[in-house]
Amino acid sequence: MTDVVEEGARAQLRHGLRIATLLVAAATVFVLGLANLLPRLDVYESAPAQLAAFAALGSVILGEAVLLVRGRAWGRLRGPAIAVVLAASALSYATLPDGRTSSGTDWIFGAANWVGVVVLLDRPLRSAAAFLIAHELTALLHLLLFDDPSRPALARFATGSVSVVGFPLCMAVVAAVLRRLGAAAAASRREIERVRVAEAVAAESHRRRRQRFAELSVATIPLLEGLADGSLRPEDPEVQRRCAIEAARMRRLFAESDTVENPLLHELRHCADVADRKGVVVELDARGRWPAPPVAVRRDLTEAVLTVLATAVSRARVTVVGGADLVSVSVVADCGEVDVPSPATPGVRVKALTKDDTVWMEVTWQPTLQRTN
């Protein structure tokens, strides 16, 4: 929240600087410029040319005002706007009387500089500096080529250049500093967000590892400890059965973190792989489309399947049928009678039938029922 407030304050400051620069440019052109231009119209070689130059600068200022009200920048029109300002400056100097450069008659010397800076205020500092140099050179070339470059004229030009270049350049420097501060703040904010995301991911990964360890410690670790201390014998069929079931659960646990399109089928394939490694022929058939169940629901849907597959002798068939309102996972295998824990998730039901050594189990899940609960 603090970053947002600071960025908003910087944006308001940049907006305020833009308004201030526009007001200075408008006052320079419409007040000082007119005050110097209108009383001397009969002095210029072409009064219409001077008025056209004034109209060009005025149109650029009005364009900036419209863009400011609409909250927009010059964009692709910036280049043509600068061209208009420089053309107006050249036109004014082309009809300026001899010996009047940087004098009161040279009204555009202190007006076009502000207009150009207004257009370039949101650009890099070098753009505003290049424009001011171009404007300054236009006046200097007129002084050297068409006026008498005497020492007083050059001194007057140098003195006027201090304010003509210095003040607008100060505005451009302030705008550049504000842009740099904004860019640095944005980069810092992005870096902070990146670190926060990395920390959140690390914390979530640690939580998942602890959760997995807790889940394994319920049955897998006691089984491994029993095999290690000799209390459980590997040749015991019941121990082998328990090992196969825990191996399937571990593979399912590892598969839960994978990012796949259909996590339920993905985890069932991992469960079937345990039986396949024992030489059991496993068929997996899926029909329909269903919403991705939560992890807890997927565990209930796959628990019966992995138990049957882990204890199957030679063959097994897994069928998944689903839709928007019901997901059914059934398995048929020659595994004999098995015990399956009751589902822990509301909306999940288990049915089982046993005939001789063949077991059929079906686990169903109703998403609508779970949402209701």
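It should be noted that the structure appears before, not after, this text.
### Observations concerning the pattern of salt bridges
Evaluation of the coordinates by the stated rule reveals 11 salt bridges. Across the pair glutamate 64 and arginine 18 runs a salt bridge whose closest N-O atoms are separated by 2.6 Å. Of this pair, glutamate 64 sits in helix H2 (residues 47-70) while arginine 18 sits in helix H1 (residues 2-37); the two residues are 46 residues apart in sequence, bridging distant segments of the chain. Arginine 18 matches glutamate 64 in its accessibility class, with the two residues each being buried. What you see here is one network of salt bridges that share partners, running through Glu283, Asp285, Arg287 and Arg317.

### Description of the packing of H2 against helix H4 (residues 112-119)
Remark: H2 packs on H4, axes separated minimally by 10 Å, with the N-to-C direction vectors making an angle of 30°. The angle between H2 and H4 falls in the class roughly parallel. For the element pair H2 and H4, the recorded crossing hand is left-handed. Between H2 and H4, the residues in contact are Leu57, Val60, Ile61 and Glu64 and Ala112, Val115, Val118 and Val119, respectively.

### A look at unusual backbone geometry
In this structure, aspartate 356 is a non-glycine residue whose phi angle is positive, near 55°. By relative accessible area, aspartate 356 is classed as exposed at 71%.

### A short note on the pairing of strand E3 (residues 327-333)
Most of E3 sits inside the fold, with six of its seven residues counted as buried. Here strand E2 (residues 315-322) pairs with E3 via seven bridges, running antiparallel. If you follow arginine 317 over to E3, its bridge partner there is valine 332. Counted along the chain from E2 to the antiparallel partner E3, the turn is four residues long. Direction of pairing for E3 relative to strand E5 (residues 358-365): antiparallel, over a ladder of seven bridges. Looking across to E5, one finds that valine 329 is bridged to valine 363.

### Brief notes about the environment of glutamate 283
Relative to the elements of secondary structure, glutamate 283 occurs in strand E1 (residues 281-288). Separated by 47 residues in sequence, glutamate 283 and aspartate 236 have C-alpha atoms that sit 28 Å apart. When residues no more than four places from it in sequence are discounted, the contact partners of glutamate 283 are Ala316, Arg317 and Val318.

### Here's the deal with the nonpolar core
Ranked by size, the top nonpolar core spans 43 residues in total, and within it Val29, Leu57, Ile61, Val85, Trp107, Ile108 and Val115 carry the most contacts. Those elements that provide at least two residues to this core are H1, H2, helix H3 (78-94), H4, helix H5 (125-146) and helix H6 (151-229). Here this core takes eight residues from H2, the largest share from any one element. Those residues in contact with tryptophan 107 that sit more than four places away from it in its chain are Gly33, Asn36, Leu37, Tyr44, Gln50, Ala53, Phe54, Leu57 and Ser92. Leu265, Leu309, Val320 and Val338 belong to the second-largest nonpolar core, a separate cluster that totals 35 residues.

### Examining the pairing of E1
Judged from the eight bridges that link them, E1 and E2 form a sheet pairing that is parallel. Within the sheet, the bridge partner assigned to leucine 284 lies in E2 and is valine 318.

Here is what the cut-offs are and how they apply
- Residues numbered from 1 in each chain as written.
- Predicted model: local features only at pLDDT ≥ 70, side-chain atom pairs only at ≥ 80, totals over all residues.
- Heavy atoms only, no water.
- Salt bridge = Lys/Arg side-chain N within 4 Å of Asp/Glu carboxyl O.
- Helix = DSSP H or I, 4+ residues; strand = E, 2+ residues; numbered from the N terminus.
- Buried < 20%, exposed > 50% of the residue type's maximum accessible area, 1.4 Å probe, protein only.
- Axes fitted to C-alpha atoms, helices over the stretch in contact; angles between N-to-C directions.
- Parallel < 35°, antiparallel > 145°, perpendicular 65-115°, else oblique.
- Left-handed = near helix turned anticlockwise from the far one by under 90°.
- Contact = heavy atoms within 4.5 Å.
- Pairing = 2+ DSSP bridges.
- Core = buried A, V, L, I, M, F, W, Y, C linked by side-chain atoms within 4.5 Å.

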